[in-house]
Amino acid sequence: MVDEEERLLQIANVGRIMKQILPARAKVSKEAKQTMQECATEFISFVTGEASDKCRKENRKTVNGDDICWALGALGFDDYADAIVRYLHKYRELERDKATLNKASCSRTSRDKDEEEEHSSEEKSDHQPHQQTQAPTPSART
């Protein structure tokens, strides 16, 4: 039974998802959570297996979001596939935007840091008293 429990989604997460759609005072029985836990786990396994078969036929080791979308469509879940494709495109767009912002932020931070260091070294040279260097006098050792 331990193997079965390990492959299932966490029941607390399943219950939390179920409660999100229900009215605030509604309760969900343990049996209902367990049933949904098994159904959701089976659905995920079914779709992932189909995507994995596609990857194996294409000599790829990694299942990606496009493979999951394809599998949903291939299994007849076209409505879900369409929704997931839209989500995946938005997700990728946001990730690209985030990467662009991070890159711009890093280059700006680096440029600002360089300017600060340059400014700081100029201030140091302006504020430090100029020392006159004298030639060392020969010591009177004999």
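Note: the structure precedes this text.
Residues numbered from 1 in each chain as written. Predicted model: local features only at pLDDT ≥ 70, side-chain atom pairs only at ≥ 80, totals over all residues. Heavy atoms only, no water.

Trainee: What is the right way to read the overall build of the chain from this model?
Mentor: A count of helices and strands for the chain gives 5 helices and 0 strands. The order of helices and strands in the chain, counted from the N terminus, is α-α-α-α-α. When the 142 residues of the chain are sorted by exposure, 12% land in the buried category. Sequence-distant contacts in the chain: of pairs separated by 6 or more residues, those separated by 24 or more amount to 35%. Carbon and sulfur atoms make up 52% of the accessible area of the chain, which amounts to about 12600 Å² in all. (Helix = DSSP H or I, 4+ residues; strand = E, 2+ residues; numbered from the N terminus. Buried < 20%, exposed > 50% of the residue type's maximum accessible area, 1.4 Å probe, protein only. Contact = heavy atoms within 4.5 Å. Areas by Shrake-Rupley, 256 points an atom, 1.4 Å probe, with all protein chains shown as cover.)

Trainee: Would you mind showing me how to read the packing of helix α2 (residues 11-21) against helix α3 (residues 30-57) here?
Mentor: For any two helices packed against each other, one specifies the inter-axial angle together with the distance between the axes. The N-to-C vectors of α2 and α3 enclose an angle of 105°; their axes lie 9 Å apart at closest approach. Looking at the two axes, α2 sits roughly perpendicular to α3. Listed contacts from α3 to I11, V14, G15 and M18 of α2 are A32, K33, Q34, M36 and Q37. Of the residues belonging to the contact of α2 with α3, the class tally is 5 nonpolar, 3 polar and 1 charged. (Axes fitted to C-alpha atoms, helices over the stretch in contact; angles between N-to-C directions. Parallel < 35°, antiparallel > 145°, perpendicular 65-115°, else oblique. Nonpolar A, V, L, I, M, F, W, Y, C, P; charged D, E, K, R; others polar.)

Trainee: Teacher, can you tell me more about the nonpolar core here?
Mentor: Burial of nonpolar side chains together is a common tendency in soluble globular proteins. If you look at the biggest cluster of nonpolar residues, it comprises 5 residues: V47, A51, A71, L72 and A81. Mapped onto this core, the elements with two or more residues apiece are α3 and α4 (65-74). (Core = buried A, V, L, I, M, F, W, Y, C linked by side-chain atoms within 4.5 Å.)

Trainee: Teacher, can you tell me more about the pattern of salt bridges here?
Mentor: Opposite charge on two side chains lets them pair, provided their charged atoms get close. This model, assessed by the stated rule, comprises 8 salt bridges. For R60, the salt bridge is made with E58, and the minimal N-O distance between the two is 2.9 Å. Using a relative accessible area of 29% as the deciding quantity, one classes R60 as partly exposed. The salt bridge partner of E95 is K98, with a shortest N-O separation of 3.2 Å. Placement of the pair is E95 and K98 together in helix α5 (residues 78-127), with a separation of 3 residues, close to one helical turn. Its relative accessible area of 32% is what places E95 among the partly exposed residues. Residues joined by salt bridges that share partners form a network here, namely K54, E58, R60 and D67. (Salt bridge = Lys/Arg side-chain N within 4 Å of Asp/Glu carboxyl O.)

Trainee: It is not clear to me how the packing of α3 against α4 should be interpreted in this structure. Could you clarify?
Mentor: Where α3 meets α4, the closest approach of the two axes is 8 Å, and the angle between their N-to-C directions is 110°. One element, α3, and the other, α4, form an angle in the roughly perpendicular class. Residue-level contacts link F43, V47, T48, E50, A51, K54 and C55 of α3 to D67, I68, W70, A71, L72 and A74 of α4.

Trainee: Honestly, the packing of aromatic side chains in this entry has me stumped. Any pointers?
Mentor: The geometry of an aromatic ring pair is captured by two quantities: the separation of the ring centres and the angle between the planes. This structure, assessed with the given rule, holds 4 aromatic pairs. Here the aromatic rings of F43 and F77 are separated by 5.1 Å at their centres, their planes lie at 85°, and the arrangement is edge-to-face. One end of the pair, F43, is in helix α3; the other, F77, is in the loop between α4 and α5, and 34 residues separate them in sequence. Judged by relative accessible area, which is 34%, F43 ranks as partly exposed. Where Y87 meets Y91, the ring centres are 6.3 Å apart and the plane angle is 20°; that geometry is what we call stacked. Residue Y87 and its partner Y91 are located together in helix α5, separated by 4 residues, close to a single helical turn. For Y87, a relative accessible area of 54% translates into the label exposed. (Phe/Tyr/Trp six-rings, centres within 6.5 Å; stacked < 30°, edge-to-face > 60°.)

None of the figures reported here should be taken as evidence of function without further support.
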